[in-house]
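One letter stands for each residue in the lines below.
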Amino acid sequence: MKKTLLAFIVMFLPYIMLGQETIEITGTVSEKGMTLPGVNIVEKGTNNGTMTDFDGNYTINAPSDAVLVVSYMGYATKEVQVNGQSKLDIVLEQDAAALDEVVVVGYGAQKRESLTGALQTVEGDDLRDVTTPSVENMLNGKAPGVFVAPGSGQPGSKGSVVIRGQATLSGTTSPLWVIDGVIVGSGPGELNPDDIETMTILKDAASTSIYGSQGANGVIVVTTKNAKPGETTISFSSKTGINELNNGNLEMMNGAELYDYYASFTNADEISFPRWNSDLRNSNFDWWDVATRSGFTQNYNVSIQGGSETLRSYASVGLYDEQGAVKGFDYTRYNFRFKTEYRPTDWLKIKPSINGSLRDVQDRQYSTTAMYSNLPWDSPYDEDGNLVPHRSSDWVNSASTNYLYDLQWNHSSNKNYEFMGNLDFDIELTDWLTFSSVNNIRYNHYKAKSYFDPRSSAGESVNGRITDYRSEYTRQYTNQILRFNKNWGKHDFNGILAYEYNDYRSETLDAYGTGFIPGFEVLDVVAKPERTKGGISEWAVQSVLFNANYDYDNKYLGQVSFRRDGASNFGDNAKYGNFFSLSGGWNIHNENWFKTDWVNALKLRASYGSVGNRPSSLYPQYDLYAVSSGASYNGNPGALISQIGNENLTWEKTYTSGAGIDASLFDNRARLTFDYYEKNTENILYRVPISGLTGVTSIWQNIGEMQNKGIELAIGGDIIRNQDLTWSIDVNLGHNVNKLTKLYKTKDANGNYVVRPIIVGDGLGIAGSAQRMLEPGRPVDTYYLKEWAGVNPENGLPMWYIVDRDSDGNEISRTTTSNYSEATFEKTGKVSPDVFGGFSTSLNYKQFDLNAVFGYSIGGQIYNYSRQEYDSDGTYTDRNQMKLQPGWSRWEEPGDIATHPVARYNNQDKGNSTSTRYLEKSDFLKLRSLTLGYNFDLSKYNIDNLRLSLAGENLFVITDYSGVDPEIPANNGAVLGSTGPGVYPMTRKFMLGLNVKF
């Protein structure tokens, strides 16, 4: 009782001492007749506050002479005198300046109206229309000029992001990710999407040059949620639902169809396997069905925030769990985040934070390749339902293994622990000068285990194998910044001066052991240590940087930035690189002579500057020797040369120029952003192939120059906007043209300096797949293939072109041949699309909302390698074949005009060899998400908001591509243009969502 009385006295002591009367104040907050939910209302000078409910209503107890501070994103903050009124309706006004403050750019925030760079801000709520633990996948179709190669349908699969085209040939093409002011690398790690407040994509030199050697591929700046002063609020969100595989246009043959296909071979009498008879038409095991299921996805997040202007905190926990639609793969991730902001004095702000995650994967996944390739005539089970062993005599393909037999025992798992902690603080030195310190450490620990039973195909030759892999890395980051912001008259001058240091250290340990009794799964039990490997990697970068912005009368804008980077993976000849930018803007709508009332904002922008790139290798400047088991002799350690260093290797630099226009029209009902850019990259870093006489097959060199240029357009508007109904549409598109403009000359066999094109693979890693050519004047993703000429109507043989050219490369003549070796290689087709982007529409009627998001791509091409195996004209008889697509036809008799050559058993016509026959358009239109929601008014139960939603994801795709999905999944962060034989299809999801805030 005494404690309760004491708490009561402490709570109301200020009011008792001042003799103030506390009253209950109610009312609504609105703008132009529309009520506003979620508006912050705080008694000035205290932490006594509340928020409006869904209908804009609020209730607060405060002194009769109090001042209420009313704030809402995008609106001018308003102070309202209570003056004893118990009923107080408040009207807010939109304020561009207030909205401007939330735009996060390099190393800080800036008013949107004063920006001179090209950037796009995506709100966190706009990202979460798809259900995935990967933040990269959520950006798909959300911003112009941002191309996303999505992850596959496998749970946890990550996508890859390319901004304004590929600007390098080596290393990653992914942008730099910056989370809450900390540079975290080429990916966001295990960031929980539900913690994201905003994501800003920085594109041009004015935006990215401040990041110097790390900004060549663009920058994505993520701001996570922060606590707001006022009463404590708790938020809960959940999504649960099912996921199913979407196999696109690819259909494999069943037993009857495959039998009829074999029977149609012109040499069917040569089919010799023992089971060849008509009974095979009734042998129809469905390998797809046995491997797939309706997966289950669940995602839960809880956050709590609150506090005062002096001390406020935000905490969140999250769980994402998904069972794969291909059986045997389960993905679970746990996240937590805690952020505090403490202001003990007016001049000091302390901002500690910590966040972490645990990712747990259990992998006994069924074979995605077998889903397509295994013959329907072969069943993994005998008549009694038991699994048949490997190379079963009952199988038509008796040389193959029964992977289900191995899955009785074999399995793998991995866990990833990630922790990141900050101790940041700000010191206000004067009213115009602040010192900010960002100090971060990131720790990651990954461990993976696998078990191959002695009875399995993978383990029988060594009497079983156990593997154990461990890796950990620590990344330290610090940035010490002086921020200045000075205003006088019509002049506004602000900027930063900073020192930055970033280092990285990783250690790995990889151990294999063989020979053990089945059932034991630790390395202690093995009879033979098969392999032990381990290594340490380190690098460091330090930088000094400067950025300044000038604004005159909110009309004329200027920006200049400079950065000097020093990196550990360059020699003394090029240890440091300099990067800069210049940009300007003109707010035409603020001119006194500009009297167009229907134009709310109109800005012109222009910029020029440089960013850079470093080699992906750690020490390319040094001659290196490898001390390894491969270099040992007779049990004695040894060393072999492993790298020829290049001490003159220098920075790859990209110089970007661009111009843009931003407009807001008709009382901000319509919006437009248009940008044109040109990016010229010089001193391209590349590992050039050389003769292997020394044991080294490549060397790092600066080999040439590249150009990307294009346009970006984002246009949208509120078609209908009134008290009850709002209907909005937004469209974005990107168009990028890539070209290799120069290759540096090298010596030929005669000692002459010449330009020689470079032949490279397509990144698929499969022998016999497509290849590409790096040649000046062409895109860097140009295919270099023999050109398909169709089917000879007289005999059904495949045909390719023989092209004769003069010394300048001009075509002289073109003939056809059915001899594959005689056909000439041609530069034909490219991976990257001509136009790509997305569009969305949202409809809000009273408490209902409906949102749809689409994606599209036009003009790119895919090399469909899977058809070399599954559309092989009888060349491969140990794997299933795909059905012919609509419009395709098989040659059967002289005079047939067909798309497919004559089919033969063990066909040797080479028709399925690598050529443009399997080069297909990647054009598509996809419905990425469709969501219907309803918001319940439960304010009388002290619930600020409750929303139920039903969503469908990847509901349909319109495409002529014959494979699984025209959006090829990224491979370890790399964007591919070719697809292999075992594609994990994208999943179609149906999700039920619940959001509660109280």
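Summary of the structure given here. (Residues numbered from 1 in each chain as written. Predicted model: local features only at pLDDT ≥ 70, side-chain atom pairs only at ≥ 80, totals over all residues. Heavy atoms only, no water.)

For the rest of this paragraph, the subject is the overall build of the protein chain. Across its full length, the protein chain holds ten helices and 55 strands. For 998 residues, the compact-globule formula gives about 30 Å, and the C-alpha radius of gyration of the protein chain, at 32 Å, lands near that figure. C-alpha atoms of the protein chain, sized along the principal axes, occupy 105 × 70 × 65 Å. The proportion of buried residues among the 998 residues of the protein chain is 51%. Considering only contacts in the protein chain between residues 6 or more positions apart, those separated by 24 or more positions represent 68%. Entry remark: accessible area of the protein chain is about 44400 Å², with carbon and sulfur atoms responsible for 53%. Of the side-chain charges in the protein chain, 88 are positive and 116 negative, and the distance between the mean point of each set is 4 Å. (Helix = DSSP H or I, 4+ residues; strand = E, 2+ residues; numbered from the N terminus. Rg over C-alpha atoms; globule rule 2.2 N^0.38 Å. Buried < 20%, exposed > 50% of the residue type's maximum accessible area, 1.4 Å probe, protein only. Contact = heavy atoms within 4.5 Å. Areas by Shrake-Rupley, 256 points an atom, 1.4 Å probe, with all protein chains shown as cover. Lys, Arg positive; Asp, Glu negative; His and termini not counted. Charge placed at Lys NZ, Arg CZ, Asp CG, Glu CD.)

What follows covers the sheet that holds strand E44 (residues 788-791). Taken in spatial order, the three strands make up an open sheet running E44-E45-E46, and their pairing is antiparallel. The sheet is open, and its two edges are formed by E44 and strand E46 (811-817), each paired on a single side. The sheet shows a mean angle of 25° between the axes of neighbouring strands, taken without regard to direction. Relative to E46, strand E45 (residues 798-805) is paired through six bridges, and the arrangement is antiparallel. Residue pairing in the sheet places tyrosine 801 in a bridge with threonine 816 of E46. (Pairing = 2+ DSSP bridges. Axes fitted to C-alpha atoms, helices over the stretch in contact; angles between N-to-C directions.)

The subject of this paragraph is the sheet that holds strand E4 (residues 49-51). Read from one edge of the open sheet, four strands run E4-E3-E6-E7, paired in antiparallel fashion. Edge positions in the open sheet fall to E4 and strand E7 (78-81), since each of these has one partner strand only. The mean inter-strand angle of the sheet, taken between neighbouring strand axes irrespective of direction, is 20°. Here four bridges tie strand E3 (residues 40-43) to strand E6 (residues 67-71), and the two strands are oriented antiparallel to one another. The partner of valine 42 across the bridge, within E6, is valine 69.

Mapped onto the elements, aspartate 909 comes out in the loop between helix H10 (866-870) and strand E51 (919-921). As a C-alpha pair, aspartate 909 and asparagine 61 span 848 residues in sequence and 87 Å in three-dimensional space. Apart from residues lying up to four places away in sequence, aspartate 909 is in contact with Leu797, Pro798, Trp800, Val902 and Arg904. There is a polar contact of 2.3 Å between the side chain of aspartate 909 and the side chain of arginine 904. (Polar contact = N/O pair within 3.5 Å; in protein donor to acceptor, adjacent residues only side chain to side chain.)

Of note, the phi angle at asparagine 83 is positive, near 50°, even though the residue is not glycine. Secondary-structure assignment places asparagine 83 in the loop between E7 and strand E8 (90-91). Its relative accessible area of 56% is what places asparagine 83 among the exposed residues. Even without being glycine, asparagine 683 reaches a positive phi, approximately 55°. For asparagine 683, the location among the structural elements is in the loop between strand E34 (670-682) and strand E35 (685-689). Overall, the relative accessible area of 21% leaves asparagine 683 in the partly exposed class.

Right, let's talk about empty space enclosed by the protein for a bit. The method is simple in principle: a probe with the dimensions of a water molecule rolls over the atoms, and the space it marks as empty is what remains. Counting across every chain of the model gives six cavities of 30 Å³ or more. In this structure, the largest cavity spans a volume of roughly 350 Å³. Taken together, 27 residues form the lining of the largest cavity, with Thr131, Thr132, Asn137, Asn954 and Met986 sitting closest to its centre. Of all the secondary structure elements, the ones that give two or more residues to the lining of the largest cavity are helix H4 (135-138), strand E20 (311-323), strand E53 (945-958) and strand E55 (987-997). For the lining of the largest cavity, the residue count by class is eight nonpolar, twelve polar and seven charged. Roughly 130 Å³ of volume is contained in the second largest cavity. As for the second largest cavity, its lining consists of 17 residues, of which Glu190, Leu191, Arg337, Asn355 and Glu418 are closest to the centre. Elements supplying a minimum of two residues to the lining of the second largest cavity: strand E21 (329-345), strand E22 (348-363) and strand E23 (411-428). For the lining of the second largest cavity, the residue count by class is seven nonpolar, five polar and five charged. (1 Å grid on protein atoms, 1.4 Å probe; cavity = no way out; pocket = protein on both sides within 12 Å on 5 of 7 lines; lining within 4 Å. Points joined across faces, edges and corners; volume = space filled by probe spheres on them. Nonpolar A, V, L, I, M, F, W, Y, C, P; charged D, E, K, R; others polar.)

Inspection of the secondary structure puts proline 37 in the loop between strand E2 (34-35) and E3. Taking the C-alpha atoms as reference, proline 37 lies 5.2 Å from threonine 52; in sequence the two are 15 residues apart.

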